[in-house]
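Listed below, chain by chain, are the residues.
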Amino acid sequence: MLANLDLKAEIIALKHARNAVILAHNYQTGDIQDVADYVGDSLGLAYHAKATEADVIVFCGVHFMAETAKIVNPGKIVVLPDADAGCSLEQSCPAPELEAFLKANAEKNYYIIAYINCSGGVKALCDVICTSGNAVKIVNLAPPDRPILFVPDENLGAWVMEQTGRKMDLWKGNCYVHVEFTRDSINRIKAEFPTALVVAHPECTAAVRLLADEVCSTEKMIAYCRNSPVRDIIVVTESGMLHRLRKECPDKNLIAGPTDRCACADCRYMKMNTLEKLRDCLDRLQPRVEMDESLRARAEQPLLRMLEQSK
Ligand code: 13P
Ligand code: SF4
């Protein structure tokens, strides 16, 4: 505990010395969330990264999130505590595979919407980016006369099709954390808390989404839990969310959605970041996100389009 206090003090001192801002995703460990300047979902983090006046952005999340911050801030130093913090969704759609698919299907003239959980290389091939927080809005704004290809999350894509009525071709990727929740695992916890409401992330499978009272991004879960009339709420997403929710909604009983194997679900990539690594990356300004300028510029266009369209 004392060691953590010292580490946090060191992190704050380094942050001031470097004129840095610490951005953290809702799935980071509680100690990292508590030392961050801003904690939020991918959409809120993208807006904050774009707006910051700090010289250094320390991104506590996974690599594609830090890369997104670099794409909109080419002149700033962007570091992340662990450069190996990847994402199964990003890995499911390598840019060369998407490029080959688009070449083979050139006659379709796809309007390509990429969920932000993808590499800069994939972003550069797309027309617009979306997050779970604005996917419905972005799809509703797509040109009505072109077929849509949605990459890389088939579950988020299927949910957006249900919400918008717009048919899309879906890339077959998924989040290895959210597909671990099953109808049985959610029914079991519902039986334990029969009056509880269920809020689930749209990366969950349709079988799980069907059991949810609300399906939304991690940020929207805060407002949903705060405003819900009942005390017991089952939260079907990555475990880090519980820390933020318990802080923001202290009067609620927030119950982790279980999988068939665990009482709650951790993203091994999100959890690669630690307070020690956060201190070290502020100290050394490494590991840094670096990008080829022409790729960065191509990836920036669809990101800026998203920020514009989801205002
Ligand atoms: P949010 O944008 O809803 O925070 O989701 C990001 C993510 O990685 C979900 O697994
Ligand atoms: Fe990627 Fe899933 Fe981890 Fe989110 S929870 S970062 S989608 S692997």
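So, a few notes on the structure that sits alongside this text. (Residues numbered from 1 in each chain as written. Chains lettered and ligands numbered in written order. Predicted model: local features only at pLDDT ≥ 70, side-chain atom pairs only at ≥ 80, totals over all residues. Heavy atoms only, no water.)

On to the overall build of the protein, then. Each helix and strand in the protein was counted, giving 15 helices and 12 strands. Each of the three principal axes of the protein carries a C-alpha extent, and together these read 60 × 55 × 35 Å. Taken over 311 residues, the protein has a buried fraction of 58%. In the protein, of all internal contacts separated by at least 6 residues, the share reaching a separation of at least 24 is 65%. (Helix = DSSP H or I, 4+ residues; strand = E, 2+ residues; numbered from the N terminus. Buried < 20%, exposed > 50% of the residue type's maximum accessible area, 1.4 Å probe, protein only. Contact = heavy atoms within 4.5 Å.)

So, on to the packing of helix α12 (residues 218-227) against helix α13 (residues 240-248). Relative orientation of the contacting elements α12 and α13 amounts to 35°, with a least axis distance of 10 Å. When the axes of α12 and α13 are compared, the crossing they make is right-handed. Here Thr 218, Glu 219, Met 221, Ile 222, Cys 225 and Arg 226 of α12 come into contact with α13, specifically with Met 241, Arg 244, Leu 245 and Glu 248. Residues belonging to the contact of α12 with α13 are distributed by class as follows: five nonpolar, one polar and four charged. (Axes fitted to C-alpha atoms, helices over the stretch in contact; angles between N-to-C directions. Left-handed = near helix turned anticlockwise from the far one by under 90°. Nonpolar A, V, L, I, M, F, W, Y, C, P; charged D, E, K, R; others polar.)

On to the site of ligand 2, then. What surrounds ligand 2 is the set Tyr 27, Val 62, Cys 87, Ser 88, Leu 89, Asn 117, Cys 175, Tyr 176, Val 177, Glu 203, Cys 267 and Met 270. The site holding ligand 2 turns out to be the largest cavity. Considering only residue class, the shell around ligand 2 consists of nine nonpolar, two polar and one charged. (Near = heavy atom within 4 Å. 1 Å grid on protein atoms, 1.4 Å probe; cavity = no way out; pocket = protein on both sides within 12 Å on 5 of 7 lines; lining within 4 Å. Sits in = over half its atoms within 2 Å of the grid points.)

It is worth spelling out the site of ligand 1 at this point. Close to ligand 1 lie His 25, Tyr 27, Asp 41, Ser 42, Tyr 115, Asn 117, Ser 132, His 178, His 201, Glu 203, Ser 217 and Thr 218, which account for all nearby residues. The side chain of Ser 42 places a nitrogen or oxygen atom 2.8 Å from an oxygen atom of ligand 1. Contact between ligand 1 and Ser 132: an oxygen atom at 2.7 Å from a side-chain N or O atom of the residue. More than half of the atoms of ligand 1 fall within 2 Å of the grid points belonging to the largest cavity. Considering only residue class, the shell around ligand 1 consists of two nonpolar, eight polar and two charged. (Polar contact = N/O pair within 3.5 Å; in protein donor to acceptor, adjacent residues only side chain to side chain.)

Another aspect to go through is the packing of aromatic side chains. Using the criterion set out here, one finds three aromatic pairs in the structure. Look at Phe 101 and Tyr 110: their rings are 6.1 Å apart centre to centre, the planes differ by 20°, and that puts the pair in the stacked class. Measuring from centroid to centroid gives 5.8 Å for Phe 101 and Trp 171, while their planes differ by 85°, and the two rings are edge-to-face. Of this pair, Phe 101 sits in helix α6 (residues 95-104) while Trp 171 sits in the loop between β8 (168-170) and α10 (183-192), and the two are 70 residues apart along the sequence. (Phe/Tyr/Trp six-rings, centres within 6.5 Å; stacked < 30°, edge-to-face > 60°.)

Our next topic: the pattern of salt bridges. Summed over all chains, the structure comprises 20 salt bridges. Between Lys 277 and Asp 82 there is a salt bridge, with the nearest N and O atoms lying 2.7 Å from each other. One end of the pair, Lys 277, is in helix α14 (residues 275-284); the other, Asp 82, is in the loop between β4 (77-79) and α5 (88-91), and 195 residues separate them in sequence. Lys 277 gets classed as partly exposed once you look at its relative accessible area, which sits at 28%. The class of Asp 82 is buried, set by a relative accessible area of 13%. (Salt bridge = Lys/Arg side-chain N within 4 Å of Asp/Glu carboxyl O.)

For the rest of this paragraph, the subject is the sheet that holds strand β12 (residues 253-256). Pairing in this open sheet of four strands is parallel, and the strands run β10-β9-β11-β12 from one edge to the other. The open sheet terminates on both sides in strands that have one partner only, identified here as β10 (214-215) and β12. Pairing analysis gives four bridges linking strand β11 (residues 232-236) to β12, with the strands arranged parallel. Its bridge partner lying in β12, Ile 234 is registered against Ile 255. Where α10 meets the sheet, its contacts fall on β9 (197-200), β11 and β12, and the angle it forms with β11 comes to roughly 165°. Across the sheet, α12 is in contact with β9, β10, β11 and β12; its angle to β9 comes to roughly 170°. (Pairing = 2+ DSSP bridges.)

Glancing now at the nonpolar core. Residues Ile 113, Val 122, Val 151, Val 235, Val 236 and Met 306 are the most contacted members of the largest nonpolar core, which totals 95 residues. With sequence-adjacent residues up to four places away left out, Val 236 is seen in contact with His 178, Phe 181, Ile 186, Val 198, Val 199, Ala 200, His 201, Cys 204, Val 208, Met 221 and Gly 257. (Core = buried A, V, L, I, M, F, W, Y, C linked by side-chain atoms within 4.5 Å.)

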